[in-house]
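# Chain and residue survey
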Amino acid sequence: MGRVVYGSELAEKLRATMKEKIEGYQKTQERVPCLAVILVGNNPASLSYVKGKEKACEAVGIQSQFFHFEETISQEELEECIKACNENVEIDGILLQLPLPKGFDETHALSLISPEKDVDGLHPMNVGRLYLGQEGFVPCTPLGIMELLKEMGCTIEGKSAVVIGRSQLVGAPVARLLQNANATVTICHSRTKNLPEVCKKADILVAAIGKAKMVNHEYVKEGAYVIDVGINRNEDGKLCGDVDFDDVLPLAEAITPVPKGVGPMTICMLLENTIQAYERKLK
Ligand code: NDP
């Protein structure tokens, strides 16, 4: 029977360390780290994510500034806000909540965030740095996945890893991080043939698909480390992942649940990246 590794518990431990660190900065520095969160529109899911991020900042002592715009603002007004945050020396990290409402040029807006404040790791410069193996900001979900594998006691080097999903937000960067950690990585997607067969060879299986309970025992090798990134609703409207948890649990060495798995680690890594941005400025 696999071990269930809760991201919520790991995140709590990491937040306690961050809190102590920030209490130290409160005593020795003129200010503490500060995250700017920019939201356009009133999408309920985005509003709830933004609130969660603000609360998480507050809990560890990171300051946050919330810039909330109606979706009637222009691309130029949004870009002015990003530029002002870039120039504001009291802001360390900038998070542009995605997706932007229809009609906005997301790629261009993201490219205007200063790479040194890009705590979501989505600026082309940081994407490039990850691929070149250079220091930069890495997207929060992939970072959280790497922390979860560490917590599982998984030695990555030499292992065979399969990532289902190739998005720029999750699949592609986590595959790169696994490769940088010397795993042999296969990236699968909607056109992959014989998907269960490919996945069944994996020592590490990361599911970042967005299809409720798609990954069952047919996809999982005995003793595999299974990370479930998906956030879906099942037939009863309850949250569930991409992995059929009950079906896979007996096979896995360790597995993350949904909820309380990758999600809490994503927010935790946003805090970590914001502290890093602040510390880099101090240096
Ligand atoms: P995207 O929709 O951008 O990407 C999904 C990927 O899954 C694509 O690469 C797609 O392939 C692939 N895919 C879709 N259907 C299949 C299939 N039947 N077989 C194999 N591959 C398939 O999603 P994201 O990467 O942004 O997110 C993935 C999931 O993770 C979602 O449920 C999302 O809500 C969740 N998520 C969770 C986070 C957290 O913090 N827990 C954070 C971010 C996302 P193709 O490229 O060919 O289209």
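Model, not experiment: these values are computed from the prediction.

Quick look at the overall build of the chain now. For the chain, the helix and strand inventory stands at 10 helices and 11 strands. Over its C-alpha trace the chain gives a radius of gyration of 19 Å, about what one expects of a compact globule, namely 19 Å for 283 residues. Seen along its three principal axes, the alpha-carbon backbone of the chain occupies a region of about 50 × 45 × 40 Å. Across the 283 residues that make up the chain, the buried fraction comes to 47%. Of the contacts made within the chain by residues no fewer than 6 positions apart, 70% connect residues no fewer than 24 positions apart. Separation between the mean location of the 31 positive side-chain charges and that of the 39 negative ones in the chain comes to 3 Å.

Let's shift gears to a negative patch on the surface. A cluster of acidic side chains, namely E76, E77, E80 and E87, defines a negative patch on the protein surface. Topologically, E77 is positioned in helix α3 (residues 75-87). The partly exposed category is assigned to E77, whose relative accessible area is 45%.

Now for the packing of helix α2 (residues 44-60) against helix α10 (residues 262-282). Running from amino to carboxyl end, α2 crosses α10 at an angle of 55 degrees, the nearest separation of the two axes being 10 Å. What the angle tells us is that α2 and α10 run oblique. At the point where α2 passes α10, the crossing takes the right-handed sense. Between α2 and α10, the contacting residues are G52, K53, A56, C57 and V60 on the first element and I267, L270 and L271 on the second. Among the residues forming the contact of α2 with α10, the class breakdown is six nonpolar, one polar and one charged.

This part takes up the site of the ligand. What surrounds the ligand is a group of 21 residues, the closest being R166, S167, S190, I231 and T266. Contact between the ligand and H189: a nitrogen atom at 3.5 Å from a main-chain N or O atom of the residue. One nitrogen or oxygen atom from the main chain of I231 is found 3.0 Å from an oxygen atom belonging to the ligand. In isolation the ligand offers 920 Å² of accessible surface; the protein chains occlude 71% of this area. Top contributing element to the shell around the ligand by residue count: α10, with three residues. The residue makeup of the shell around the ligand, split by class, is nine nonpolar, 10 polar and two charged.

The next subject is the confidence of the model for the chain. The predicted model of the chain averages 97 in pLDDT, with 100% of residues at 70 or higher. Ranking the helices and strands of the chain by mean pLDDT puts strand β5 (residues 160-164) first, with 99, and strand β9 (residues 232-233) last, with 94.

Here we take up α2. In an α-helix, one full turn covers 3.6 residues, which means residues spaced three or four apart are oriented alike. Between the first and last C-alpha of α2 there are 25 Å, a value that for 17 residues agrees with the 24 Å anticipated at 1.5 Å per step. By the burial criterion, the buried members of α2 are S46, V50, K53, A56, C57 and V60. The buried residues of α2 occupy one face: seen down the axis, they fall within an arc of 125 degrees. Of the exposed residues in α2, those oriented more than 90 degrees away from the buried face are P44, K55 and E58.

Let us look at the nonpolar core. The biggest cluster of nonpolar side chains holds 50 residues, and the ones touching the most others in it are I145, L149, L178, I204, V206 and I227. In terms of residues, this core owes the most to one element, α10, which gives eight residues. Residues in contact with I204, not counting those within four places in the same chain, are L149, C154, I156, K159, S160, A161, V162, L178 and Y225.

Here we come to the pattern of salt bridges. What the rule picks out here adds up to nine salt bridges. Here K150 makes a salt bridge to E147, at a shortest N to O gap of 3.6 Å. In this pair, K150 and E147 both sit in helix α6 (residues 140-151), three residues apart, roughly one turn of the helix. Exposure remark for K150: the relative accessible area of 59% places this residue in the exposed category. Bridged by salt links that share partners, the residues R31, D92 and K281 form one connected network.

Before going further, it helps to spend a moment on unusual backbone geometry. The linkage connecting L98 with the following residue, P99, adopts the cis geometry, with an omega of 0 degrees. For P99, the position within the fold is in the loop between β4 (93-96) and α4 (106-112). Looking along the chain, the bond that leaves V258 and enters P259 is cis, with omega of 0 degrees. In this fold, P259 is placed in the loop between β11 (254-255) and α10.

The rules we used
Residues numbered from 1 in each chain as written. Predicted model: local features only at pLDDT ≥ 70, side-chain atom pairs only at ≥ 80, totals over all residues. Heavy atoms only, no water. Helix = DSSP H or I, 4+ residues; strand = E, 2+ residues; numbered from the N terminus. Rg over C-alpha atoms; globule rule 2.2 N^0.38 Å. Buried < 20%, exposed > 50% of the residue type's maximum accessible area, 1.4 Å probe, protein only. Contact = heavy atoms within 4.5 Å. Lys, Arg positive; Asp, Glu negative; His and termini not counted. Charge placed at Lys NZ, Arg CZ, Asp CG, Glu CD. Patch = residues over 30% accessible without salt bridge, like charges linked within 9 Å, V, L, I, M, F, W, Y side chains within 5 Å. Areas by Shrake-Rupley, 256 points an atom, 1.4 Å probe, with all protein chains shown as cover. Salt bridge = Lys/Arg side-chain N within 4 Å of Asp/Glu carboxyl O. Axes fitted to C-alpha atoms, helices over the stretch in contact; angles between N-to-C directions. Parallel < 35°, antiparallel > 145°, perpendicular 65-115°, else oblique. Left-handed = near helix turned anticlockwise from the far one by under 90°. Nonpolar A, V, L, I, M, F, W, Y, C, P; charged D, E, K, R; others polar. Near = heavy atom within 4 Å. Polar contact = N/O pair within 3.5 Å; in protein donor to acceptor, adjacent residues only side chain to side chain. pLDDT = per-residue confidence, 0-100. Expected span 1.5 Å × (residues − 1). Arc of directions from axis to C-beta. Core = buried A, V, L, I, M, F, W, Y, C linked by side-chain atoms within 4.5 Å.

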